[in-house]
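# Chain and residue survey
The primary structure of each chain is shown beneath.
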Amino acid sequence: EVNRGALQIFKSCSYDRFLQEKTKRAEAAQTVYRRNVEKAAKLQQFVDKYGATATKASAAQSRVKQIERMERMGQLEAPPETKNFKPPSFVLPKPPRAQDETLIALVGADIGHGDQLLISNVNLEIKRGMRLLLRGANGVGKSAILHTLRGSLPLLHGNRVVSERMRLGVFTQDLAQELDADARALDLVTAYGREHDATLSDLTARNVMGGLGLSGEKAIRQVGNLSGGEKARVALSMFALKPSNLLLLDEPSNHLDSACVETLSHALTEWPQEDSAIVIISHDKSFCRAINFTHVATVAEKRLVVEQRSTSVADWNLVDVGRHGDRLHVASATPNQERVSGALFGRREIRRKAHNAKKRIPKIENEIEKAELEIQCIDAEMMENGHDVSKLIVLAELKESQEAAVLKLMEEWEELETFLSNAEKDDS
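Thresholds applied
- Residues numbered from 1 in each chain as written.
- Predicted model: local features only at pLDDT ≥ 70, side-chain atom pairs only at ≥ 80, totals over all residues.
- Heavy atoms only, no water.
- Buried < 20%, exposed > 50% of the residue type's maximum accessible area, 1.4 Å probe, protein only.
- Helix = DSSP H or I, 4+ residues; strand = E, 2+ residues; numbered from the N terminus.
- Contact = heavy atoms within 4.5 Å.
- Pairing = 2+ DSSP bridges.
- Axes fitted to C-alpha atoms, helices over the stretch in contact; angles between N-to-C directions.

Within the span of helix α4 (residues 185-194), buried status applies to Ala-185, Leu-186, Leu-188, Val-189, Thr-190 and Gly-193. Contact partners of the buried residues in α4: α5 (202-211) and α6 (228-241).

Here the focus is the sheet that holds strand β4 (residues 116-127). Backbone-to-backbone hydrogen bonds join strands into a sheet, with any given pair of strands oriented parallel or antiparallel. Judged by pairing direction, the sheet is antiparallel, and its three strands sit side by side in the order β4-β3-β6 without closing on themselves. The sheet terminates laterally at β4 and β6 (157-162), the two strands that pair on one side only. Within the sheet, the average angular offset between the axes of one strand and its neighbour, ignoring direction, is 15 degrees. In terms of strand pairing, strand β3 (residues 102-113) meets β6 through five bridges, oriented antiparallel. Looking at the pairing, Leu-106 lines up with Arg-160 of β6. Contacts from helix α3 (residues 142-150) reach β3, β4 and β6 within the one sheet, and its direction differs from that of β3 by about 125 degrees.

Moving on, we get to the sheet that holds strand β8 (residues 246-250). Reading across the sheet, the six strands line up as β7-β8-β9-β5-β10-β11 and stay open at both edges, with mixed pairing between neighbours. Every interior strand has two partners, whereas the edge strands, β7 (168-172) and β11 (303-307), have only one. Averaged over all pairs of adjacent strands, the angle between strand axes in this sheet comes to 15 degrees, irrespective of strand direction. Relative to β8, β7 is paired through five bridges, and the arrangement is parallel. Bridging from a neighbouring strand, Phe-171 pairs with Leu-249 of β8. Taken strand by strand, α3 contacts β5 (131-136), β7, β8, β9 (277-281), β10 (295-300) and β11, and its axis lies near 150 degrees from that of β8.

What follows is the structure, given as structure tokens:
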């Protein structure tokens, strides 16, 4: 398909499949466009604030170059589907008021499966207003903590204390796979909603599903006939109908498309904070950046440490957690005494990383320039071979690969610049 001078390839698909794929691409393009505009606005904000500052002039100029690159690549140009595109939307129900400040607590808890101890002596309070990111390497027991909070995994030792008016909502990466494949999507959503509100109408359930793109005949399809992304939207519709004041989310973005992930993060951000709490496990940096976390909990060496802070660049360097020399000091946090420390590395280690970052940034900028020149060459070659479909397919794949490489480099560049900025603040 040729759209506004751009060629899009749809390989080996029927017309119905073409329409479905076209819709998916339109949703993805709209999400990427919104993120690019937001990113450019943040970059410009930095330039406006620090452009005239001698110590920040170099960083400001780098951001100007990044904005110019985004413009050259057409990343700030609205996709053709924008006019008719309706992004998914939903609003979480108002959280029921809980009188107790603490909604749930684990006291002296040993967590594991059978004879296998994963985490020992966990003392964790989830209070109203908390937005907690639970992080750690794979297999250390993060999901086990969520199952314990949920009550689906018995403690090996210790106590789970629940406030009388705590109302729990859960969204996990596997929830969509647990749906009854023979049931109609609308029936599942309505039945689930009526467990918590007997007056819920089919129309209300349909409106929620429609907001998530499950309108018309999609709402009455059997779950087994839905795609993986559509099943995830059914589970998200159910999640959106239960009034809760504590939400547990385990890798929520794994089976959701980018538009739904952005919608979910917006709904969580807009959910009234003073009467609610959220605990999230996620490795999705974009999703986590959208959530205003108040606490970060790290699982390492069979211990849990809770820090009262927002997320930082270092939170994604899980390879460093538990390594000799960069070891995270883990100690049991008591319900009345949380560890408040945002530093995962010593000052010497931060300076070393800052030194390496300063050397890496110019190399990244050179790599981006080379990739952009390659993209321009591919565009020219595509124009010359407009009649050769097989050649165009190969060139389109090469261009897509180069564009993905540029985006990855730009993300690395942004992270290093952010790290340097934070390191300079720590030194000042």
